[in-house]
Amino acid sequence: MLLQDIKDDIDWRMSELASLKTIPIRYKMMNHHVEMLTKYAVPSIYSLWEGFVKKSFLNYITEINKLEIDLEDVHINLVTHAFSSLDKLSLENPRMNFKTKKEFIQYYQEQTKRKFNIPLKLPTKSNIDFIVINDILERFNLKLLSKKQYDKKLQKLINFRNSISHGEISIPITNKDLMEFSMLVNDLMVEVFNRIEDGFTEKMYLREQTRD
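Scoring rules and cut-offs
Residues numbered from 1 in each chain as written. Predicted model: local features only at pLDDT ≥ 70, side-chain atom pairs only at ≥ 80, totals over all residues. Heavy atoms only, no water. Axes fitted to C-alpha atoms, helices over the stretch in contact; angles between N-to-C directions. Helix = DSSP H or I, 4+ residues; strand = E, 2+ residues; numbered from the N terminus. Parallel < 35°, antiparallel > 145°, perpendicular 65-115°, else oblique. Left-handed = near helix turned anticlockwise from the far one by under 90°. Contact = heavy atoms within 4.5 Å. Salt bridge = Lys/Arg side-chain N within 4 Å of Asp/Glu carboxyl O. Buried < 20%, exposed > 50% of the residue type's maximum accessible area, 1.4 Å probe, protein only. Polar contact = N/O pair within 3.5 Å; in protein donor to acceptor, adjacent residues only side chain to side chain. Phe/Tyr/Trp six-rings, centres within 6.5 Å; stacked < 30°, edge-to-face > 60°. Core = buried A, V, L, I, M, F, W, Y, C linked by side-chain atoms within 4.5 Å.

A. Structural detail: the packing of helix α6 (residues 147-165) against helix α7 (residues 175-201). For the pair α6 and α7, interaxial distance at closest approach is 10 Å and the crossing angle is 125 degrees. Comparing their axes, α7 and α6 come out oblique. As α6 runs across α7, the sense of the crossing is left-handed. Across from Gln-149, Tyr-150, Lys-153, Leu-154, Lys-156, Leu-157 and Phe-160 in α6, the residues of α7 making contact are Asp-177, Glu-180, Phe-181, Leu-184, Val-185, Asp-187, Leu-188 and Glu-191.

Shown next, in the form of structure tokens:
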């Protein structure tokens, strides 16, 4: 069910990407309208990428939680992610008093008596760039993406998206850019899906598993 849900989500997002890159050239419109649609398609393309990452990993977390694994059997990466997602974990904050630290230790002791559960929270920060997506993959003990293949391309999409979202009106966007960004998001979704599929089928969430 997990993998099929992600596949269905990818199909929908690919369909949306296809529409975003073709609508500006498919219909007869004024040049100004074509330029406007082309420009504002970029934030939409990025939103499809960010939405995919959030939905896919939240589904993955839900499936792992359903397994009710003992904490001692879970891979250290997932344990670290789960506990670092808790607001109570800021133990190194010098302004945190002893009472607050004790509350966390009590919470930790309670959690170790239960089945492992990952909070439905992801460190997506302001943008899901190359560093952020690889950080998420590492937290789930999944194979990282290629820096050479995706770092600069994803950063270009994010730079364009941020400029447009922050009101930059002079940035030139061409249909070639839309094609490039659409293909990038297509490829990234497939790459992430393959890693989630491998992680789930090979049980990379378990303690004894190590990624290549």
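Once the structure has been displayed, the description carries forward.
B. Molecular detail of the pattern of salt bridges. Under the counting rule described, the total for this entry stands at 10 salt bridges. Where Arg-139 meets Asp-135, a salt bridge forms, and the shortest distance between an N and an O atom there is 2.9 Å. Of the two residues, Arg-139 and Asp-135 both sit in helix α5 (residues 130-139), four residues apart, roughly one turn of that helix. On the basis of relative accessible area, Arg-139 is assigned to the partly exposed category, the value being 22%. Judged by its relative accessible area of 23%, Asp-135 is partly exposed. Ionic pairing is found between Lys-156 and Glu-180, a salt bridge with its closest N-O pair at 3.1 Å. With a gap of 24 residues between them, Lys-156 in helix α6 and Glu-180 in helix α7 connect regions that are remote in the sequence. With relative accessibility at 27%, the residue Lys-156 sits in the partly exposed group.

C. Representation of the side chain of Asn-127 within the structure. Take Asn-127: it is sitting in the loop between α4 (98-112) and α5. With relative accessibility at 12%, the residue Asn-127 sits in the buried group. For Asn-127, the side chain forms a polar contact with the side chain of Arg-161, separated by 2.7 Å. In this view, Asn-127 contacts Tyr-46, Val-132, Ile-158, Arg-161 and Asn-162; residues no more than four positions away in its chain are not counted.

D. Just the environment of Phe-83, in detail. Tracing the sequence through the fold places Phe-83 in helix α3 (residues 76-84). It is 8.5 Å that separates the C-alpha atoms of Phe-83 and Tyr-108, two residues lying 25 residues apart in sequence.

E. Representation of the side chain of Asn-186 in the model. Relative to the elements of secondary structure, Asn-186 occurs in helix α7. Since its relative accessible area comes to 15%, Asn-186 is described here as buried. Filtering out sequence-adjacent residues up to four positions away, Asn-186 remains in contact with Met-14 and Leu-17.

F. Structural view of the packing of aromatic side chains. Tallied over the full model, the rule gives five aromatic pairs. Here Tyr-60 and Phe-140 contribute two aromatic rings whose centre-to-centre distance is 5.9 Å and whose plane-to-plane angle is 50 degrees, an arrangement assigned as tilted. You can see Tyr-60 sitting in helix α2 (residues 31-66) and its partner Phe-140 sitting in the loop between α5 and α6, a full 80 residues away along the chain. Taken as a pair, Tyr-60 and Phe-140 share a single burial class, namely buried. On the numbers, 6.3 Å between centres and 70 degrees between planes, the contact of Tyr-60 with Phe-200 is edge-to-face. Of this pair, Tyr-60 sits in helix α2 while Phe-200 sits in helix α7, and the two are 140 residues apart along the sequence. Classification of Tyr-60 by relative accessible area gives buried; the value is 0%. Feature note: the residues Phe-57, Tyr-60, Phe-140, Phe-200 and Tyr-205 constitute an aromatic cluster, connected by ring pairs.

G. Representation of the nonpolar core in the model. Core analysis: the biggest nonpolar cluster contains 58 residues, and Trp-49, Phe-57, Tyr-60, Ile-133, Phe-140 and Leu-157 have the highest contact counts within it. The set of elements that each furnish at least two residues to this core consists of α1 (2-26), α2, α3, α5, α6 and α7. Ranked by residue count, the leading element in this core is α2, at 12 residues.

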